[in-house]
Amino acid sequence: MPELFSVQGKTVLVTGGSRGIGLMIAEGFVAAGARVIISSRKAETCAAVAERLSATGQCEAIPADLSTVDGADGLAVALRERVDRLDVLVNNAGATWGAPLEAYPESAFDKLWAVNVKAIFRLTTALLPELRRAADPDDPARVINIGSVDGIRVPAMEVYAYSATKAAVHMLTRSLAHQLAGEQITVNAIAPGPFESKMMAFALEDPASRAAIEQQVPLGRIGRPEDMAGTAIYLASRAGAYLTGAVIPVDGGITTHG
């Protein structure tokens with residue numbers, strides 16, 4: 001049974017891996033014995049987090065700004081200099097933007113489309129050679145995209161571009177899964193509910209707001225790091241080898257409301 005969920009020795013790239021959900025996933029893979037490479041925009045922060053995680057396993061840093069073509073291509077080149085194959089790509093880097101309907105800027109759609117959707121497509125295609133070298137019929141290469149429950153149901157907050165781009169991430173996941181299945185590369189998405197992250201800090205740091213959010217979650221709590229890490233490890237292990245094109249809500253039951 002331990003071998004069924006093992007990711008020991010796998011090479012994993014986690015974008016946006018220096019904080020929030022990306023950090024939760026990176027920490028989980030490091031603790032599980034994978035070689036983890038994290039990427040984020042701020043070089044000093046990325047290096048500091050990698051150094052801290054290296055105390056318990058293998059973790060390296062490659063800073064990159066994935067909102068640009070050069071940033072994504074540069075990350076692919078830098079990764080290629082270190083490894084010749086990639087077992088798991090976790091596309092987690094993302095951004096959000098909230099504003100009232102009539103004041104919502106068009107620039108928000110441009111920024112979030114570039115970071116939340118285009119970067120996933122750009123980086124995944126750039127790293128296809130490394131994913132193909134890791135692919136095997138019994139142990140496919142894996143792509144795990146981080147979507148959101150706000151791409152499944154209408155969010156309470158006014159985050160129009162965010163929810164639209166996360167819905168696009170889910171559809172892009174299905175399209176890539178269909179295209180790459182024949183090459184033994186699976187593509188799935190995780191749709192998180194409320195977790196401790198910079199995106200949610202404005203709501204979760206206020207006790208009253210936090211309590212209100214918890215009341216909306218059928219399981220009655222905010223997500224924990226092991227909830228996110230466990231789902232990603234499942235998708236990357238032999239246990240998840242026959243799953244592709246799925247969008248998995250990790251939300252405590254929020255999406256059961258419809």
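Before any of the text, the structure's been laid out above.
This is a predicted model, so every value here is computed, not measured.

Looking at the side chain of Thr173
- Looking at where Thr173 falls in the secondary structure, it is placed in helix α6 (residues 160-180).
- Relative accessible area serves as the criterion here: at 0%, Thr173 is assigned to the buried category.
- Polar contacts involving the side chain of Thr173 include one to the side chain of Asn145, which spans 2.9 Å.
- Excluding residues that lie within four positions of it along the chain, Thr173 makes contacts with Asn145, Val187, Asn188, Ala189 and Ala246.

Considerations on the nonpolar core
- Core analysis: the largest hydrophobic core is formed by 33 residues, its most contacted members being Leu13, Leu66, Leu79, Leu89, Leu127 and Leu131.
- Contributing elements (two or more residues each) for this core: α3 (69-80), α4 (106-126), α5 (128-134), β5 (141-146), α6 and β6 (185-192).
- The biggest single contributor to this core is α6, with six residues.

Considerations on the pattern of salt bridges
- Going through the model one piece at a time under the given rule, you end up with 13 salt bridges.
- Glu214 is the salt-bridge partner of Arg210, the closest N and O atoms lying 3.6 Å from each other. Taken together, the residues Arg210 and Glu214, both in helix α8 (residues 207-216) and four residues apart, mark about one turn of the helix.
- For Arg210, a relative accessible area of 23% corresponds to the partly exposed category.
- In the salt-bridge network here, residues are joined through shared partners; they are Lys10, Asp139 and Arg142.

Some points on empty space enclosed by the protein
- Inspection of the entire model under this criterion finds one cavity of 30 Å³ or more.
- Computed from the structure, the largest cavity encloses a volume of approximately 50 Å³.
- Lining the largest cavity, in full, are Thr15, Leu66, Asn91, Asn92, Ala93, Val115, Ala119, Ile120 and Leu123.
- Residues belonging to the lining of the largest cavity are distributed by class as follows: six nonpolar, three polar and no charged.

Quick word on the packing of α3 against α4
- One way to put it is that α3 packs onto α4 with a least axis distance of 9 Å and a crossing angle of 30 degrees. What the angle tells us is that α3 and α4 run roughly parallel. Between α3 and α4 lies a crossing of right-handed hand. For the pair α3 and α4, contact is made by Val69, Ala72, Asp73, Leu75, Ala76 and Arg80 and by Arg122, Leu123 and Ala126, respectively.
- Of the residues assigned to the contact of α3 with α4, the class counts are six nonpolar, no polar and three charged.

Notes on the layout of surface pockets
- As a volume, the second largest pocket reaches approximately 170 Å³.
- Contributing to the lining of the second largest pocket are Pro137, Asp138, Pro140, Ala181, Gln184, Ile185, Thr186, Arg238, Ala241, Tyr242, Leu243 and Thr244.
- Of the residues assigned to the lining of the second largest pocket, the class counts are seven nonpolar, three polar and two charged.

Each value, and the rule that gives it
- Residues numbered from 1 in each chain as written.
- Predicted model: local features only at pLDDT ≥ 70, side-chain atom pairs only at ≥ 80, totals over all residues.
- Heavy atoms only, no water.
- Helix = DSSP H or I, 4+ residues; strand = E, 2+ residues; numbered from the N terminus.
- Buried < 20%, exposed > 50% of the residue type's maximum accessible area, 1.4 Å probe, protein only.
- Polar contact = N/O pair within 3.5 Å; in protein donor to acceptor, adjacent residues only side chain to side chain.
- Contact = heavy atoms within 4.5 Å.
- Core = buried A, V, L, I, M, F, W, Y, C linked by side-chain atoms within 4.5 Å.
- Salt bridge = Lys/Arg side-chain N within 4 Å of Asp/Glu carboxyl O.
- 1 Å grid on protein atoms, 1.4 Å probe; cavity = no way out; pocket = protein on both sides within 12 Å on 5 of 7 lines; lining within 4 Å.
- Points joined across faces, edges and corners; volume = space filled by probe spheres on them.
- Nonpolar A, V, L, I, M, F, W, Y, C, P; charged D, E, K, R; others polar.
- Axes fitted to C-alpha atoms, helices over the stretch in contact; angles between N-to-C directions.
- Parallel < 35°, antiparallel > 145°, perpendicular 65-115°, else oblique.
- Left-handed = near helix turned anticlockwise from the far one by under 90°.

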